Amino acid sequence: DREIVHRDYHNGLESVAGIHKVSDYSGITSKEVATGKTVVNMDSKLDPRTAQDYERTYALTGERSYVVVPMMRDNRWVASLWASDDVPRSWTNEEISLLETVAERTWIVIEKLRINVELRESEERYRAVVESQAEMLCRFKPDGTIRFVNEAYARARGTTAEKLIRNNFWEFIPEEDRPGVRAMLESLTPEQPETRIENRFETVEGERWTLWTNRALSFDESGF
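Residues numbered from 1 in each chain as written. Predicted model: local features only at pLDDT ≥ 70, side-chain atom pairs only at ≥ 80, totals over all residues. Heavy atoms only, no water.

A.B. asks: What exactly am I supposed to notice about the nonpolar core here?
C.D. replies: Where a protein is soluble and globular, its nonpolar side chains tend to be buried together. Grouped together as the largest cluster of nonpolar side chains are 22 residues, with contacts concentrated most on Met136, Cys138, Val149, Tyr153, Phe169, Leu185 and Phe201. Examining the composition of this core, we find that 4 residues originate from one element, helix H4 (residues 151-157), more than from any other. Once you skip the residues sitting within four places of it in the chain, Phe201 turns out to touch Met136, Tyr153, Ala156, Arg157, Phe172, Pro174, Gly206, Glu207, Arg208, Thr210 and Trp212. Counting 8 residues, the second largest nonpolar core, distinct from the first, contains Val67, Val69, Ile96 and Trp107. (Core = buried A, V, L, I, M, F, W, Y, C linked by side-chain atoms within 4.5 Å. Buried < 20%, exposed > 50% of the residue type's maximum accessible area, 1.4 Å probe, protein only. Helix = DSSP H or I, 4+ residues; strand = E, 2+ residues; numbered from the N terminus. Contact = heavy atoms within 4.5 Å.)

A.B. asks: I tried to follow the layout of surface pockets on my own but got confused; where do I start?
C.D. replies: Roughly 1,400 Å³ of volume is contained in the largest pocket. What lines the largest pocket is a set of 36 residues, among which Val5, Arg7, Ser80, Leu81 and Trp82 lie closest to the centre. In terms of residue count, strand S5 (residues 76-85) provides more of the lining of the largest pocket than any other element does, 10 residues in total. The residue makeup of the lining of the largest pocket, split by class, is 18 nonpolar, 8 polar and 10 charged. (1 Å grid on protein atoms, 1.4 Å probe; cavity = no way out; pocket = protein on both sides within 12 Å on 5 of 7 lines; lining within 4 Å. Points joined across faces, edges and corners; volume = space filled by probe spheres on them. Nonpolar A, V, L, I, M, F, W, Y, C, P; charged D, E, K, R; others polar.)

A.B. asks: When you look at the sheet that holds strand S4 (residues 65-73) in this model, what are you seeing that I'm missing?
C.D. replies: Pairing between the strands of a sheet is mediated by backbone hydrogen bonds and can be parallel or antiparallel. Pairing is antiparallel across the open sheet formed by 3 strands, whose spatial order is S3-S4-S5. In this open sheet, the two edge strands, each paired with only one partner strand, are strand S3 (39-41) and S5. The sheet shows a mean angle of 15 degrees between the axes of neighbouring strands, taken without regard to direction. Examined bridge by bridge, S3 and S4 share 3 bridges and lie antiparallel to one another. Its bridge partner lying in S4, Val40 is registered against Val67. (Pairing = 2+ DSSP bridges. Axes fitted to C-alpha atoms, helices over the stretch in contact; angles between N-to-C directions.)

A.B. asks: When you look at empty space enclosed by the protein in this model, what are you seeing that I'm missing?
C.D. replies: One pass over the full model with this rule turns up 1 cavity of 30 Å³ or more. Estimated volume of the largest cavity: approximately 110 Å³. Lining the largest cavity are Glu3, Val22, Tyr25, Thr29, Ser30, Val33, Tyr66, Val68, Trp77 and Trp82. Ranked by residues supplied to the lining of the largest cavity, first place goes to helix H1 (residues 27-34) with 3 residues. When its residues are assigned to classes, the lining of the largest cavity shows 7 nonpolar, 2 polar and 1 charged.

By themselves, these observations are geometric and do not establish any function.
What follows is the structure, given as structure tokens:
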């Protein structure tokens, strides 16, 4: 039952930025908005949907007429773009269409930003888990270009993770072992995306036998 107006443009009236109760407004129009419908009100004092709430709510904020465009996420009303006037107003189809277009384009940008933030946070959590692993982890493209390594892998190579990025994975495997490892990797399929390979690995302290679990993350150019 909480509505937060983060910011608004106001001319001749006080700002309504702040926290409000949704239940203070018309329950009829709120239900319409919750279904994803744009609500157009030419005169909230006379409109039967809002007349009984006019004096205690709409009159106080100068919302004599208004258009509210809902923004939906997973079929749930989570935000709105609201334009109002302090006098009765016959909103034109062009004005309503413009508000709906602005709301749609703004919402697309907002949702993209939100998704990017969630992806970044997910990536940070993933990295925190991966970096804490004692096992060596390495992600590379089919041509061997390294995309990511954890600290354990970097320590084994005697360098940092940043310096290993874009190096070639195959350089760290003795040349005579490469055909067998490559054949195993090329045998991965969507039905069988994982295999275990034991081969020699060049570490800062010399060669050592290492058992790897290899999994294809995709079957394009993104790699293992």
